[in-house]
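Spelled out, the chains give:
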Amino acid sequence: KNKYHLYANQELRALGLSNLAGAGFSAYPATGSFSRSAVSNDTGCKTQLGGCFTAVIVLLVVLFATKPFYYMPTSALGAIVISGVLGLLDFEEALYLFRLSKLDFLVWMASFFGTLF
């Protein structure tokens, strides 16, 4: 899609190392970067500046638009979250793994259900 090679583990290694370093300073673990990168890629962001715009928008929503969300039913908020997450699931990859290697498919299923429940 982006016409360049991605190193899939690079971001996960950076998160792991930052969490290890943060453990020595009583820092909170960082976990959201991977999903934000996926959303940024899906929305067409080309640079890290997209994260700054996202942060400003989230800040504005938290400061000024939380009242309407307070009265929104939990099921509606859940539907918003589910619609955002569906784009991150790749069921075709699961079928490919099932045909290629049952062990890799089992790891995919364990990850999927471990995250779901």
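Here the structure is a predicted model, which means the values were calculated and not measured. In this numbering scheme, every chain counts its residues from 1 along its sequence in written order. Per-residue local features are limited, in this predicted model, to residues with pLDDT of at least 70; the limit for side-chain atom pairs, both in listing and counting, is 80 or more; totals at the level of whole chains, interfaces and linings are taken over all residues. Side-chain descriptors were evaluated using all non-hydrogen atoms of the structure, hydrogens and water having been removed beforehand.

S.K.: Please explain the layout of surface pockets as it appears in this structure.
M.R.: Which parts of space are left empty comes out when a probe the size of a water molecule is rolled across the atoms. Computed from the structure, the second largest pocket encloses a volume of approximately 700 Å³. Elements that contribute at least two residues to the lining of the second largest pocket include exactly α5 (74–86), α6 (91–100) and α7 (102–116). Helix and strand assignments follow DSSP, with helices taken as H or I runs no shorter than four residues and strands as E runs no shorter than two, numbered in order from the N terminus. Top element by residues in the lining of the second largest pocket is α7. It accounts for six residues. Within the lining of the second largest pocket, the residues separate by chemical class into ten nonpolar, three polar and two charged. Buriedness for pockets is judged along seven lines, at least five of which must meet protein on both sides within 12 Å for an open set on the 1 Å grid over protein atoms alone, while cavities are sets there where a 1.4 Å probe fits but cannot get out, and lining residues have an atom within 4 Å of a point. Grid points are joined across faces, edges and corners, and a volume is the space filled by probe spheres set on the points. Each residue gets one of three labels, nonpolar for Ala, Val, Leu, Ile, Met, Phe, Trp, Tyr, Cys and Pro, charged for Asp, Glu, Lys and Arg, and polar for the others, Gly among them.

S.K.: For this particular structure, what's the right way to read the packing of aromatic side chains?
M.R.: The geometry of an aromatic ring pair is captured by two quantities: the separation of the ring centres and the angle between the planes. Aromatic rings from Phe, Tyr and Trp, taking only the six-membered ring of Trp, are treated as a pair when their centres fall within 6.5 Å; an angle between ring planes under 30 degrees marks them as stacked, one over 60 as edge-to-face, and anything in between as tilted. With the rule as written, the count across this model stands at six aromatic pairs. Its end group placed over the ring of Phe98, Lys102 keeps NZ or CZ at 4.0 Å from the ring centre. Look at NZ for Lys and CZ for Arg. If either is within 6 Å of the ring centre and within 35 degrees of the ring normal, a charge sits over the ring.

S.K.: Sorry if this is basic, but what is going on with the environment of Met109 here?
M.R.: Looking at the element boundaries, Met109 is found in helix α7. Along the chain, Met109 and Leu15 lie 94 residues apart, while their C-alpha atoms are 23 Å from each other.

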